[in-house]
Amino acid sequence: MSTINSQDDEDTFKILIATDIHLGYLEKDPVRGNDTFVTFNEILEQAQKNEVDFVLLGGDLFHENKPSRKTVHSCLESLRKYCMGDRPVHFEILSDQAVNFHFSKFPWVNYQDGNLNISIPIFSIHGNHDDPTGADALCALDILSCAGLLNHFGRSTSVEKIDISPVLLRKGRTKIALYGLGAIPDERLYRMFVNKQVTMLRPKEDEDSWFNLFVIHQNRSKHGATNYIPEQFLDDFINLVVWGHEHECKIAPTQNEQQRFYVSQPGSSVVTSLSPGEAVKKHIGLLHVKGKKMKMQKIPLETVRSFHMEDVVLADHPDLFNPDNPKVTQAIQAFCMEKVEMMLDNAERERLGNPRQPEKPLIRLRVDYTGGFEPFSVHRFSQKYVDRIANPKDIIHFFRHREQKEKNDSDLNFGKLVSRPASEGMTLRVEDLVKQYFQTAEKKVQLSLLTERGMGEAVQEFVDKEEKDAIEELVKFQLEKTQRFLKERRTDAEEEKIDEEVRRFRESRRKNTEEEDEEVREAMTRARAHRSEDAILASASSDEELMDMGMKVAGGDSDDSLPSTRSRGRGRARGRARGARGQNSTARGSSQRGRGNTSQESATSSRTYKPVSVPAKNMSIADAFRSLKPQPSWNSSKSYSEDIIDVDSDLEEISVVPSKVNQRMNLTHSRALQHQEELNDFRLTI
């Protein structure tokens, strides 16, 4: 790695680098609630103290996708305190800012805004915790960007092709091409790299004179076959990669031997999991760049709560523990207490040299009780350390190691059996749980219409992004698509043939991953559109207006009108009657949520549909599966019976005689209902 002298001059960029600050993590915890805010202030203090040109953040500034008011307020308070002032900014932007910040209403860097007085610009990409969501695809960083306190870049909206356009910076004779790519699902980005759909654009003039700096927020370590981004995927003209998302601090740049660029992994500034990687000392980096040379200076964070971790294998102490001894559990508890006291002593000695460090440390003791031992009561043990440790409930972690063997007996090496805690060293994702459940489930509850991948994506949206209609819309979308497929194939109205065609269609979708991704995106777009319409409807009408409108649709005070029971729910009633397509007399959301009569409704007022139950919006995952009833597509022929009320005559039932095609569609609905019963057996605990 080329080095430079650290003295300040007009040609040297000074950049403060940090990632994964996770503002708002455990903000309601009485002990650890302010940890993230205190450390964020320290990071900005270092930026101010070292008079940096700008701060570069590698994603996950916020821990939650929708941070609380307290978190947003604390962040704004810190940014205004440390980043606004009269100190001049000594570098200039050479690139087209309308391209770099094209998604912003104010497409220019904040320090060039005449209405603002910025002394330390901040450039940041988004992470997987604070990524854009919702119908408008906004994230918390967009709020800071709109307020002029942060420059959000590296955002890509396309799922077919990604062109990464750099922010071109110049200070004196030093030029930096700053590339950024916000968090994208790893499997999707992996596939896009393989298909050559990711392009890093280079400056046209003197492309070899630029220092190319790339900041990314993805899995660096391998979590699955395609659930990470190999360093070899990145272009070899890059000089330095700042890698976010990984929490272990490896901030010293290391060279990739194949691509020849350097990689710096700053790690998180707060402990969010009690794992070995988080126990490494936390740092931020002060990067000096002059010409094509660079130097990374490590700055230890003093306000981070200390974390001490140790492993104990009971089977390694046969002289102390005998599983046949009736008092062995008491002996194990005393041994663990001694270990915890030793870690507390180490934490206290470490804190003596750093008064800014929080008083209560984080302690983790992992105990492997394989070999016939029994764990003791962790709750009773933790009560002894409530006043001394920040995480008393999580001090002890009992586990039994599992021996992982190769399936091929000829390759089995008994000297290399892997020992690993059950809950350590692996990242558990919702979509993986869904896939694992359906692949290992009994045949009667396996998916026959949907794919595990699509269902996993929908559940992920339901859990992480609170898209409450995600599961329902995906099921409905794929059901409609399957119905159209069967109709186009003119499949005979025999259940076995329909089953075979459905299986064939499902397998073709599983192989075509791009088409399946498109289905998921379309379903998520529908869900977001429904949520937006709900918000508009809720804000436009008060409860009294809804009641009045419901009475009008119900026919006033007439005894012959529909039941006037009113629903106060916010559901859109997508389960409303869809009897006759040509009839507009149906009041959306049934009579309780009507929007007034149309002219056609007045002309055909003798016909009013029966009220249909309104699905609740605040559903659990299980409710989301149960709530779905397959509805016929608008484009399909009528193949069902209608119950129609004629106000001027007695109640009559009109049945439409189904054709052969309609028989096939009815069988499809029957299979969908059976599939729905299978889904009802699916209970996912997250």
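Reading the values: rules and limits
Residues numbered from 1 in each chain as written. Predicted model: local features only at pLDDT ≥ 70, side-chain atom pairs only at ≥ 80, totals over all residues. Heavy atoms only, no water. Pairing = 2+ DSSP bridges. Helix = DSSP H or I, 4+ residues; strand = E, 2+ residues; numbered from the N terminus. Axes fitted to C-alpha atoms, helices over the stretch in contact; angles between N-to-C directions. Parallel < 35°, antiparallel > 145°, perpendicular 65-115°, else oblique. Left-handed = near helix turned anticlockwise from the far one by under 90°. Contact = heavy atoms within 4.5 Å. Nonpolar A, V, L, I, M, F, W, Y, C, P; charged D, E, K, R; others polar. UniProt positions renumbered as here; feature names shortened; annotations may be inferred. Polar contact = N/O pair within 3.5 Å; in protein donor to acceptor, adjacent residues only side chain to side chain. Buried < 20%, exposed > 50% of the residue type's maximum accessible area, 1.4 Å probe, protein only. Salt bridge = Lys/Arg side-chain N within 4 Å of Asp/Glu carboxyl O.

**A closer look at the sheet that holds strand S18 (residues 396-399)**
- Across the sheet, three strands lie side by side as S16-S17-S18; this open sheet has parallel pairing. Strands with a single pairing partner mark the edges of an open sheet, and in this sheet they are strand S16 (307-313) and S18. In this sheet, neighbouring strand axes are inclined to one another by 15° on average, regardless of whether the strands run parallel or antiparallel.
- As paired strands, S16 and strand S17 (residues 362-368) are joined by seven bridges and run parallel to one another. When the bridges of S17 are listed, Met309 appears paired with Arg364.

**Overview of the packing of helix H1 (residues 35-49) against helix H2 (residues 69-83)**
- Where H1 meets H2, the closest approach of the two axes is 10 Å, and the angle between their N-to-C directions is 15°. Classified by the interaxial angle, the pair formed by H1 and H2 is roughly parallel. Handedness of the H1/H2 crossing: right-handed. Seen from H1, the contacting residues are Phe37, Phe40, Asn41, Leu44, Glu45 and Gln48; seen from H2, they are Lys70, Thr71, Ser74, Cys75, Ser78, Leu79, Lys81, Tyr82 and Cys83.
- Residues of the contact of H1 with H2, tallied by class, amount to seven nonpolar, five polar and three charged.

**Brief notes about the UniProt feature "active site" (unreviewed entry) in the protein chain**
- UniProt feature "active site" (unreviewed entry): in the numbering of this structure it lies at His129.
- Within the secondary structure, His129 sits in the loop between strand S4 (122-124) and helix H4 (140-146).
- What His129 contacts, discounting residues up to four positions off in sequence, is His22, Asp60, Phe62, His63, Glu64 and Asn65.
- Of the polar contacts made by the side chain of His129, one reaches the backbone oxygen of His63; its length is 2.7 Å.

**Focus: the pairing of strand S2 (residues 54-57)**
- Along S2, one buried face is formed by Phe54 and Leu56 and the opposite face, lined by Val55 and Leu57, is buried too.
- In the sheet, strand S1 (residues 13-18) pairs with S2 via four bridges, with the strands oriented parallel. The residue of S2 that forms the bridge with Ala18 is Leu57.
- For S2 and S4, the ladder comprises three bridges, and the chain directions are parallel. Bridge pairing in S4 places Val55 opposite Ile122.

**Focus on the pattern of salt bridges**
- One pass over the full model with this rule turns up 17 salt bridges.
- Between Asp142 and Arg155 there is a salt bridge, with the nearest N and O atoms lying 2.9 Å from each other. Of this pair, Asp142 sits in helix H4 while Arg155 sits in the loop between strand S5 (151-152) and strand S6 (162-164); the two residues are 13 residues apart in sequence, bridging distant segments of the chain. An identical accessibility class is assigned to Asp142 and Arg155; each is buried.
- Among the charged side chains, a salt-bridge network with shared partners connects Glu45, Glu302 and Arg356.

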